[in-house]
Amino acid sequence: MSDDWNDYADGWDGNSDVRLYADRAFAALDGSAGITGGGWQDKRVLDFGCGTGLLSEKLAPHVREVVAADTSERMIAVLQEKALPKVRALCTDILDGGAREAAGMLGGFDMICASSVCSFLPDYRGAAEVLAGLLNNGGVFVQWDWLAADAGGSGLTEPQVREALRAAGLEAVRVERVFEMESGGQAMPVLMGSGTRAAE
Ligand SMILES: C[S@@+](CC[C@H](N)C(=O)[O-])C[C@H]1O[C@@H](n2cnc3c(N)ncnc32)[C@H](O)[C@@H]1O
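Note that the coordinates shown come from a computational prediction; the quantities given were computed from them, not determined experimentally.

A. Layout of the overall build of the chain. Each helix and strand in the chain was counted, giving 7 helices and 7 strands. Ordered by position from the N terminus, the helices and strands of the chain form the series α-α-β-α-β-α-β-α-β-α-β-α-β-β. With respect to the principal axes defined by its C-alpha atoms, the chain has extents near 45 × 35 × 35 Å. Counting across all 200 residues of the chain, residues that qualify as buried make up 45%. Taking the contacts inside the chain whose residues are at least 6 apart along the sequence as the reference set, 61% of them involve residues at least 24 apart. For the chain, the exposed area adds up to about 9400 Å²; of that, 47% sits on carbon and sulfur atoms. Looking at charge distribution, the chain has the averaged site of its 17 positive side-chain charges lying 6 Å from that of its 30 negative ones.

Next comes the structure, spelled out in structure tokens:
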């Protein structure tokens, strides 16, 4: 398996598991935050590690703007070809302070989503802190990741997510198993972690 996400970009949307993961993540988000209910129409969302924008595509009709950011040029190229209304694609490392300043648009989010991204980051806790700082007061951070069997396994454990989100200063932290995917006859549970930036 390649460790360069660019290598997966062309076949990403053709992978039915990837699409199903995005469907289920959005359904879980809608169930908890009521995205499709009309109350998010004036909100700005960051889809961090957006890939080809499978989640951005579902969010965009219900919000004011989705900033879809990814470090993979080829993932972003596939997203740009879709020309999705209300989706602003951005190829940058949002965790790099310099890039964040230069981009200007990276802040003031009402929600930040990270679907199947955090467990791949070299410094998940540091990333959670940076991302929490880009939220408006009362804004929500939401992530989905494979549930790891133990702290050294691939994916994240429930305590790892809970601790990282609390250390990032988020409140009302919740971590739960929201769906399962099947792989080789095995069930692979997916965690959804969320927390809110306190109103100051
Ligand atoms: C498993 S894919 C998930 C893509 C998309 N969220 C989805 O669910 O289809 C992980 C994505 O995270 C991106 N990524 C990894 N590190 C990143 C970083 N520091 N900033 C932004 N994106 C990153 C990769 O380029 C890749 O597109």
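That shown, we press on.
B. The arrangement of the packing of aromatic side chains in detail. Across all of its chains, the model carries 5 aromatic pairs by this definition. Ring centres of Trp5 and Tyr8 lie 5.7 Å apart, and the angle between their planes is 55°; this geometry places the pair in the tilted category. For Tyr8, a relative accessible area of 21% puts it in the partly exposed group. Site record: aromatic cluster; members linked through ring pairs are Trp5, Tyr8, Trp12 and Phe120.

C. Examining the nonpolar core more closely. Core analysis: the largest hydrophobic core is formed by 31 residues, its most contacted members being Leu46, Phe48, Ile112 and Phe141. Of all the secondary-structure elements, those providing two or more residues to this core are strand E1 (44-48), strand E2 (65-70), strand E4 (109-115), helix H6 (124-132), strand E5 (135-146), helix H7 (158-167) and strand E6 (170-183). For this core, the element with the most residues is H6, which contributes 5 residues. With 27 residues, the next largest nonpolar core counts Trp40, Ile76, Leu79 and Val87 among its residues.

D. Spatial organisation of the pattern of salt bridges. Scanning all chains against the criterion turns up 9 salt bridges. Glu176 serves as the salt-bridge partner of Arg174, at 3.2 Å between the closest nitrogen and oxygen. Under the relative-accessibility criterion, Arg174 is labelled partly exposed at 47%. Among the residues examined, Glu176 registers a relative accessible area of 29% and is labelled partly exposed.

E. Spatial organisation of the site of the ligand. Lining the immediate environment of the ligand, one finds 17 residues, of which Trp12, Gly49, Asp70, Ser115 and Ser116 sit closest. Asp70 places a polar side-chain atom, nitrogen or oxygen, 2.5 Å from an oxygen atom of the ligand. Residue Ser115 places a main-chain N or O atom 2.8 Å away from a nitrogen atom belonging to the ligand. Out of a free accessible area of 600 Å², the ligand has 93% covered by protein chains. Classifying every residue of the shell around the ligand gives 9 nonpolar, 6 polar and 2 charged.

F. Quick peek at the packing of H6 against H7. In the contact formed by H6 and H7, the axes pass within 8 Å of each other and the chain directions differ by 40°. When the axes of H6 and H7 are compared, the pair comes out oblique. At the point where H6 passes H7, the crossing takes the right-handed sense. Here Tyr124, Arg125 and Ala128 of H6 lie close against H7, whose contacting residues are Gln160, Val161, Glu163, Ala164, Leu165 and Ala167. Considered class by class, the residues forming the contact of H6 with H7 number 6 nonpolar, 1 polar and 2 charged.

The rules behind the values
Residues numbered from 1 in each chain as written. Predicted model: local features only at pLDDT ≥ 70, side-chain atom pairs only at ≥ 80, totals over all residues. Heavy atoms only, no water. Helix = DSSP H or I, 4+ residues; strand = E, 2+ residues; numbered from the N terminus. Buried < 20%, exposed > 50% of the residue type's maximum accessible area, 1.4 Å probe, protein only. Contact = heavy atoms within 4.5 Å. Areas by Shrake-Rupley, 256 points an atom, 1.4 Å probe, with all protein chains shown as cover. Lys, Arg positive; Asp, Glu negative; His and termini not counted. Charge placed at Lys NZ, Arg CZ, Asp CG, Glu CD. Phe/Tyr/Trp six-rings, centres within 6.5 Å; stacked < 30°, edge-to-face > 60°. Core = buried A, V, L, I, M, F, W, Y, C linked by side-chain atoms within 4.5 Å. Salt bridge = Lys/Arg side-chain N within 4 Å of Asp/Glu carboxyl O. Near = heavy atom within 4 Å. Polar contact = N/O pair within 3.5 Å; in protein donor to acceptor, adjacent residues only side chain to side chain. Nonpolar A, V, L, I, M, F, W, Y, C, P; charged D, E, K, R; others polar. Axes fitted to C-alpha atoms, helices over the stretch in contact; angles between N-to-C directions. Parallel < 35°, antiparallel > 145°, perpendicular 65-115°, else oblique. Left-handed = near helix turned anticlockwise from the far one by under 90°.

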